[in-house]
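# Working through the structure, step by step
Here is what each chain is made of, one letter per residue.
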Amino acid sequence: SATNWPSIISELAELEIITDAVQLSKLSLDYYHFSPILSKKLNNKRANLVVRPVNEVEVLKIAQTCVKYQVPLTVRGAGTGNYGQCIPLEGGVVLDTTKMNQIRSLEPGLACVEAGVKMAAFDKKAREIGWELRMAPSTYRTATIGGFIGGGSAGMGSITYGQLRDRGNLQAVRVVTLEDEPRILELRGDDVQKVNHAYGTNGIITELEIPLAPAYPWVELIVIFDQFMRAARFGQALGDSDGIVKKLITIQAWPIPSYLTALEDYLPQGKHAALLMISQYDLEPFQNLVKEYGGEITYQKTATEATKGSSLLEFTWNHTTLHARSIDPNLTYLQTFYFTLERVEQMYDYFGEEAMIHLEFLRVGGKAIPAGLQLIRFTTEERLNEIIRYHEEQGAGIANPHTYILEDGGRKVIDPEQLAFKEKVDPYGLMNPGKMRAWLERAVSV
Ligand code: FAD
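Residues numbered from 1 in each chain as written. Predicted model: local features only at pLDDT ≥ 70, side-chain atom pairs only at ≥ 80, totals over all residues.

The name given to the chain in an unreviewed UniProt entry is FAD linked oxidase domain protein, with Gloeothece verrucosa as the source organism.

What follows concerns the overall build of the chain. Counting its regular elements, the chain contains 16 helices and 21 strands. At 22 Å, the chain has a C-alpha radius of gyration in line with the 22 Å of a compact globule built from 446 residues. In terms of its C-alpha atoms, the chain occupies a principal-axis envelope of roughly 70 × 50 × 40 Å. Expressed as a percentage of its 446 residues, the buried residues of the chain come to 48%. Sequence separation of 24 or more characterises 71% of the internal contacts of the chain that already satisfy a separation of 6 or more. (Helix = DSSP H or I, 4+ residues; strand = E, 2+ residues; numbered from the N terminus. Rg over C-alpha atoms; globule rule 2.2 N^0.38 Å. Buried ≥ 20, exposed ≤ 12 C-beta atoms within 10 Å, placed from the backbone. Contact = placed C-beta atoms within 7 Å.)

As a further point, take the UniProt feature "domain: FAD-binding PCMH-type" (unreviewed entry) in the chain. Sites flagged by UniProt as "domain: FAD-binding PCMH-type" (unreviewed entry) map to residues 42-215. For residues 42-215, the end-to-end C-alpha separation is 40 Å, with 20% helix and 26% strand making up the annotated structure. (UniProt positions renumbered as here; feature names shortened; annotations may be inferred.)

So, about the confidence of the model for the chain. Per-residue confidence for the chain averages 96 on the pLDDT scale, and 99% of its residues sit at or above 70. Predicted as a complex, the structure gets a pTM of 0.97 and an ipTM equal to 0.99. (pLDDT = per-residue confidence, 0-100.)

What follows deals with the site of the ligand. Taken together, the neighbourhood of the ligand is formed by 38 residues, with Gly 77, Gly 147, Gly 150, Gly 151 and Gly 152 sitting nearest. Secondary structure elements with two or more residues in the shell around the ligand: strand E3 (73-76), helix H6 (145-151), strand E10 (204-214) and helix H11 (317-327). Tallying contributions element by element places H6 first for the shell around the ligand, with 5 residues. For the shell around the ligand, the per-class residue count stands at 14 nonpolar, 22 polar and 2 charged. (Near = placed C-beta within 6 Å. Nonpolar A, V, L, I, M, F, W, Y, C, P; charged D, E, K, R; others polar.)

With that settled, the discussion passes to the domain arrangement of the chain. Domains assigned within the chain are domain 1 (5-96), domain 2 (103-214 + 413-445) and domain 3 (218-398). The C-alpha-based centres of domain 2 and domain 3 are spaced at 27 Å. Taken residue by residue, the interface counts 13 residues in domain 2 and 17 residues in domain 3. Considering only residue class, the side of domain 2 that touches domain 3 consists of 6 nonpolar, 7 polar and no charged. (Domains from an automatic or database assignment.)

Our focus in this paragraph is the sheet that holds strand E21 (residues 397-398). Overall, antiparallel pairing links the 8 strands, which are arranged E14-E11-E13-E12-E18-E19-E16-E21 in an open sheet. Of all strands in the sheet, those bounded by a partner on one side alone are strand E14 (296-301) and E21. Where strand E16 (residues 336-337) lies against strand E19 (residues 367-372), 2 bridges are found, and the strand directions are antiparallel. In the strand pairing of E19, Phe 337 is matched with Ala 371. (Pairing = 2+ DSSP bridges.)

With that settled, the discussion passes to the sheet that holds strand E4 (residues 93-96). Spatially, 4 strands are ordered E1-E2-E4-E3 in an open sheet, and the strand pairing comes out mixed. A single partner strand is all that each edge strand has here, and the edge strands are strand E1 (16-18) and E3. Strand-to-strand, the axes of this sheet are offset by a mean angle of 25°, without reference to chain direction. The pairing of strand E2 (residues 49-52) with E4 spans 3 bridges and is classified as parallel. Counterpart to Val 51 in the pairing with E4 is Leu 95. Against the sheet, helix H4 (residues 56-69) makes contact with E2, E3 and E4, and its axis sits at roughly 170° relative to E4, the strand it touches most. (Axes fitted to C-alpha atoms, helices over the stretch in contact; angles between N-to-C directions.)

What follows is about the environment of Ala 63. Looking at the secondary structure, you find Ala 63 in helix H4. You can call Ala 63 buried: it has 28 C-beta atoms within 10 Å. Residues Ala 63 and Ile 405, 342 residues apart in the sequence, show an inter-C-alpha distance of 23 Å. Once residues lying within four places of it in the same chain are set aside, the contact partners of Ala 63 are Val 176, Leu 178, Pro 182 and Ile 204.

For the rest of this paragraph, the subject is unusual backbone geometry. For the peptide bond that leads from Trp 254 to Pro 255, omega is 15°, which places it in the cis range. With respect to the helices, strands and loops of the structure, Pro 255 is situated in the loop between strand E12 (246-252) and strand E13 (272-279). In this structure, Gln 70 is a non-glycine residue whose phi angle is positive, near 55°. Positionally, Gln 70 belongs in the loop between H4 and E3.

In this structure, strand E6 (residues 110-114) lies alongside E10, joined through 5 bridges in antiparallel fashion. Along E10, the bridge assignment pairs Val 113 with Leu 208. Bridging between strand E7 (residues 131-133) and E10 involves 3 bridges; their strand directions are antiparallel. From the neighbouring strand, Leu 133 faces E10, where its bridge partner is Leu 212.

What follows covers the nonpolar core. Ranked by internal contacts, the top residues of the largest apolar core, which has 124 residues, are Ile 62, Cys 66, Val 93, Ile 145, Leu 208, Ala 274 and Leu 276. With near-sequence residues (within four places) excluded, Leu 276 lies in contact with Leu 221, Val 223, Lys 246, Leu 248 and Ile 249. (Core = buried A, V, L, I, M, F, W, Y, C linked by C-beta atoms within 7 Å.)

As a further point, take helix H5 (residues 119-127). For H5, the complete set of buried residues consists of Met 119, Phe 122 and Ala 126. Along the axis of H5, the buried positions cluster into a sector of 60°, meaning they face one direction only. Against strand E5 (103-107), E6, E7, H6 and E10 lie the buried residues of H5. (Arc of directions from axis to C-beta.)

Here it is in structure tokens:
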């Protein structure tokens, strides 16, 4: 039966509602277009209505209304995800969290924030008391903390603190359910994994308790190398240097640096580059390490200078892909756990410029490992899948960015805990429908 949108709109009349077609399409999409596969599948998906609650009471009202009229509800933070995570596949209501942007508490080591708080804005406040976020994506200036938990994975800081899913990196959340009588639940400790990186398929996160890191004055540097594997080995050695405090270790094989035109003065033709954030107090030992590996420092900004201009962060992680695609739209990317430098070297030799290697070092299980956001010269979907298969056959782990299905993009296995939680809090399957494979398969078998 047809949905009675006029009634829904009148029930939500006290809230900020968006129905303008141009705004609806803007607020229905994210950065799915980095993938030529997702581009085709998602470009025409639209919400019927966007609602911007300002607090949890309004979120409850939206949840009640969606249950009453049995319409899909998809949560959206800043909409910077890369896999169509917040794109409403079946239309319905998009709940935009960006007006829920209050910092509830901020103390040394710990903060409690509303889901729509923007990461860079939060850090600015936290640094006033000497602390900062443990990790953040390169979309840090616009992304929301709730959206990072809902759809992100790692970023600057991950070389020290690991990934979002690591125990301790999220301490508690408040979640609004889509039951017949929507409720507010508080999840603490290991229970947060029920909703951590679940694409908003099993509850609306309204508040988060997050641990903080001590804020160092981060110096931003570029170091260049003649040989790619020299640069990669330097990255590993820096990751393993327990006495040097760092926040970012990005390694880019030539010709990737050629796409970063704003930095061209520091990235000479044919050289491989390391983009780094290092504690100002550790510069001397850092320089010794650069010397040991035969690198040359071409760029160095103090912490104070770095906070004024644009940060090197915005040339790393998936911003590398963004810049490269602005020059060559046929480029796309993969997300890879190489685990070892031997495998990095093997892929470098095997694929050449078809898969240009971009490494981000991060800590996994206590060890610094090379992960990849390699740039792929896209030809066909078949070839892309062949490249993925080859990596997997050689023992690399691919987190496929060319699917909007939660499990297929991540660890490829169904998470029984997240499914069980969805069965409880979203019995009608209204939340971000079409994204959780476990739910879709269960629906078929029921
Ligand atoms: P959105 O895209 O709005 O949402 C992401 C997912 O979370 C959606 O499924 C949404 O439904 C869900 N969600 C949002 N809010 C809530 C909530 N309150 N409750 C429940 N579910 C919710 N990601 C990284 O991890 N690391 C990177 O370094 C990185 N770099 C990027 C660079 C570029 C150029 C781009 C375009 C993307 C990058 N990303 C990266 C992906 C993305 O920017 C981040 O993961 C970001 O943190 C997402 O935040 P957002 O507010 O935009 O979330």
